[in-house]
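# Survey of secondary and tertiary structure
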Amino acid sequence: MALADILVLGRMNALVEEELPKHFTIHRIGREDVASLDPALGERITAIAGGAHVPVDAELLGKLPNLEIVANFGVGYDSVDARLCGEKGICVTNTPEVLSEEVADTALGLMLMTVRELGAAERHLRAGKWVSEGPYPLTRASLQNRTLGILGLGRIGKAIARRAEAFGMDIHYHGRTRQDDVAYTYHDTLTGLAEAVDTLMVVAPGGASTKGIVNAEVLSALGPEGIVINVGRGTVIDEPALVKALQDGTILSAGLDVFEKEPQVPAELIAMDNVVLLPHVGSASHLTRNRMGQLVVDNLLGWFNDGRPVTPVAETPFTRRKQG
Ligand code: NAP
Ligand code: 8YV
């Protein structure tokens, strides 16, 4: 007997796709199906499993009167209206910790690629230019003597900081609160952080409180040697302001794993040689995606078998399944 009727939003990782049908009755919808969701099906649904493909917003929540839990595939849950879920007594879970080291590895790789122009250098070789034109030009920047500013010194931010320390980088950070247990230099404003460093690592979550906070003022404070790396969310950066800052030399370059309207990437960025662009691959190894998928499954099983999710988000700290 299935534990619950579960709505799967978009494509899920293979482990989740294999495990969920062993325990649940699966119903699948895409973004375009939300408006026409059958009300009889909506009544039966008590759980959602999903990533960022279909927003869990007021419209979808309004069609699922018996929903108990949203198990988000990803640590970032900005596509889920967690505040509204909290008001409605719906638990939201995410996938913290299991991906932090992988994303930090990607962030360091992206930073090195950007500072040392490794993608452009490889394109030079593949195009036969090493033979026809000679060596790739010396890079404008070096990681030596660079100072790293981390926007969002959380789980992933700290894993990045540990790695950057090993590279000899001086580390500063900004968040809403000073952290007494770290030795890095705190700045109570983002502009203050940008003024103090030349390399800005963005690893803060998306959502209303961070929308566009890396703006023209912050980019100007970073300065002409400035390099921006973003592995957090695309919405944290004012993308048009970033394009302009790269075009007019306000900053030197950027390395981006996330974008405002994925999978769309502004044509201006694609045309630039002083940026490194990755298609949101921060956690994208089989090992780490399977760990994330297992946590999605464990949260759902924990909820329906024992009344306890494994990793509820801060807005919905519920530990008991609703009764009745
Ligand atoms: P976390 O442990 O919750 O850390 C988030 C940090 O951001 C905290 O230090 C928090 O500090 C800071 N922050 C939150 N709101 C802020 C605001 N309004 N202004 C300034 N700082 C703010 O989360 P995590 O596990 O490190 O994950 C961070 C994010 O990385 C996720 O939310 C997700 O968007 C992104 N991510 C991307 C990938 C990828 O593939 N590229 C993979 C995984 C995660 P304060 O509370 O002190 O402000
Ligand atoms: C995933 C992420 O790419 O965990 C996050 O917040 O951004 C990534 O790990 C994404 O969640 C998969 O849909």
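To be clear, the structure that these remarks concern was listed above.
Overview of the structure. (Residues numbered from 1 in each chain as written. Chains lettered and ligands numbered in written order. Predicted model: local features only at pLDDT ≥ 70, side-chain atom pairs only at ≥ 80, totals over all residues. Heavy atoms only, no water.)

## Details of the site of ligand 1
In plain terms, the rule: Residues are classed as near a molecule or strand on a simple rule: at least one heavy atom within 4 Å of it. Whenever a nitrogen or oxygen atom comes within 3.5 Å of another N or O atom, the pair is scored as a polar contact, on the condition that within protein one atom can donate a hydrogen and the other can accept it, and that pairs from neighbouring residues in sequence are kept only if both atoms are in side chains. For accessible areas, the Shrake-Rupley method is used with a probe of radius 1.4 Å. Any residue's cover is judged against the shown protein chains and nothing else. Residues are grouped as follows: nonpolar covers Ala, Val, Leu, Ile, Met, Phe, Trp, Tyr, Cys and Pro; charged covers Asp, Glu, Lys and Arg; every other residue, Gly included, is treated as polar.
Inspection of the region around ligand 1 gives 26 residues, with Arg155, Ile156, Arg176, Thr177 and Asp257 positioned closest. At 2.9 Å, a backbone N or O of arginine 155 approaches an oxygen atom of ligand 1. In the environment of ligand 1, an oxygen atom lies 2.7 Å from a nitrogen or oxygen atom belonging to the backbone of arginine 176. Calculation on ligand 1 without its partners gives an accessible area of 930 Å², and the protein chains cover 87% of this total. Here the shell around ligand 1 is composed, by residue class, of eleven nonpolar, eleven polar and four charged.

## Description of helix H1 (residues 14-23)
Filter applied, for reference: Summary of the burial criterion: residues with accessible area below 20% of their type's maximum are buried, those above 50% are exposed, and those between are partly exposed, where the area comes from a 1.4 Å probe applied to protein chains only. A run of H or I in DSSP counts as a helix once it spans at least four residues, and a run of E counts as a strand once it spans at least two, with each numbered from the N terminus. The directions from the helix axis to the C-beta atoms are what the arc is built from. Every residue pair with non-hydrogen atoms within 4.5 Å of one another is taken to be in contact.
For H1, the set of buried residues is Leu15, Val16, Glu19 and Leu20. The buried residues of H1 occupy one face: seen down the axis, they fall within an arc of 110°. Of the residues in H1, the exposed ones pointing more than 90 degrees away from the buried face are Ala14, Glu18 and Lys22. Against the buried residues of H1 lie strand S1 (5-9), strand S2 (25-29), strand S3 (45-50) and helix H13 (286-306).

## Regarding the state of the cysteines
Test applied: Disulfides are defined as cysteine sulfur pairs within 2.5 Å.
As enumerated under the stated definition, the model contains zero disulfides in all. Of all cysteine sulfurs, the one in cysteine 91 lies closest to cysteine 85, which takes part in no disulfide; the gap is 9.0 Å. Looking at cysteine 85, the relative accessible area reads 0%, which means it is buried.

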